[in-house]
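Examining the three-dimensional arrangement
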Amino acid sequence: GEGRFAVMELSLLEDSTRVLRVLTPEVWYPMLLCLSPDESTLAVLDAQSGPNSQQRVWLHRIDASVDPISVGGPDGYDDGQFTQYPAGLAITPDGQLLVSSDTRIQAFGLDGSFRHKIDIGQAAGAIAVDALGNIVCVVDGIRLQVFNPEWTLLHDDISGMLDSPCRTIAIDHSIGRIAVGGEMLRILD
């Protein structure tokens, strides 16, 4: 789009650590980041996109082959809209961006198009996706729900190991462990 650009620089440090630097005038206040499993797309939640202070999720191609894509419409309850700041971002192995907000997890294509949603009926928080595409969602900040890639609920209440509020979640794909964080970091097998 006119006036929109992203500069991306991928660097390799001496210890083989890869560092990606994204510079764009579109992102004012990045709150959440998520990298696709194939490392081709970076999703960024911007809590204040421009003077209207409307939250946006931006998709950036790592190779900068296309302009950043805005995901989600104006604030609201319709499909593809958010009524409060999204609490989680994840990208599935099959290339869908998942955004948790309010009581919903919404799926978007990497072109920004709305695909589908699931309403879990309670506050949807941080989300992560394992190597098989299973979705793990923090619910009400105190328990976890697990959905398969077809969005069928597999586990309704994995809460026995959470003894404090949880705001972040990550999955170690090599061994299948789940890390949750809030007031403390907890590793779940």
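I will try to describe carefully the structure that is included in this document. (Residues numbered from 1 in each chain as written. Predicted model: local features only at pLDDT ≥ 70, side-chain atom pairs only at ≥ 80, totals over all residues. Heavy atoms only, no water.)

Let us look at the overall build of the chain. Counting its secondary structure elements, the chain contains zero helices and 17 strands. Relative to its full complement of 189 residues, the chain shows a buried share of 44%. Partitioning the contacts of the chain with sequence separation of at least 6, the portion at a separation of at least 24 is 32%. Roughly 10000 Å² of accessible area belongs to the chain as shown, and the carbon and sulfur atoms make up 52% of that amount. (Helix = DSSP H or I, 4+ residues; strand = E, 2+ residues; numbered from the N terminus. Buried < 20%, exposed > 50% of the residue type's maximum accessible area, 1.4 Å probe, protein only. Contact = heavy atoms within 4.5 Å. Areas by Shrake-Rupley, 256 points an atom, 1.4 Å probe, with all protein chains shown as cover.)

Turning to the sheet that holds strand S15 (residues 166–172), a few remarks are in order. Here three strands make up an open sheet; going across it, the order is S15-S16-S17 and the pairing antiparallel. Two strands bound the open sheet, and with one partner strand each, they are S15 and strand S17 (185–188). Pairwise comparison of adjacent strand axes, ignoring direction, gives a mean angle of 20° for this sheet. (Pairing = 2+ DSSP bridges. Axes fitted to C-alpha atoms, helices over the stretch in contact; angles between N-to-C directions.)

Turning our eyes to something else, we now look at the packing of aromatic side chains. The relation between two aromatic rings is expressed through the spacing of the ring centres and the mutual angle of the planes. Scanning the entire structure with this criterion turns up two aromatic pairs. Here Phe82 and Phe108 contribute two aromatic rings whose centre-to-centre distance is 6.2 Å and whose plane-to-plane angle is 65°, an arrangement assigned as edge-to-face. Here the residue Phe82 occupies a position in the loop between strand S6 (69–71) and strand S7 (88–91), and Phe108 occupies one in strand S9 (residues 104–109), the gap between them amounting to 26 residues. Judged by relative accessible area, Phe82 falls into the buried class, the value being 1%. For Phe108, a relative accessible area of 1% translates into the label buried. Look at Phe108 and Phe114: their rings are 5.9 Å apart centre to centre, the planes differ by 80°, and that puts the pair in the edge-to-face class. Assessed through its relative accessible area of 28%, Phe114 is described here as partly exposed. One aromatic cluster is present, built from ring pairs that chain together Phe82, Phe108 and Phe114. (Phe/Tyr/Trp six-rings, centres within 6.5 Å; stacked < 30°, edge-to-face > 60°.)

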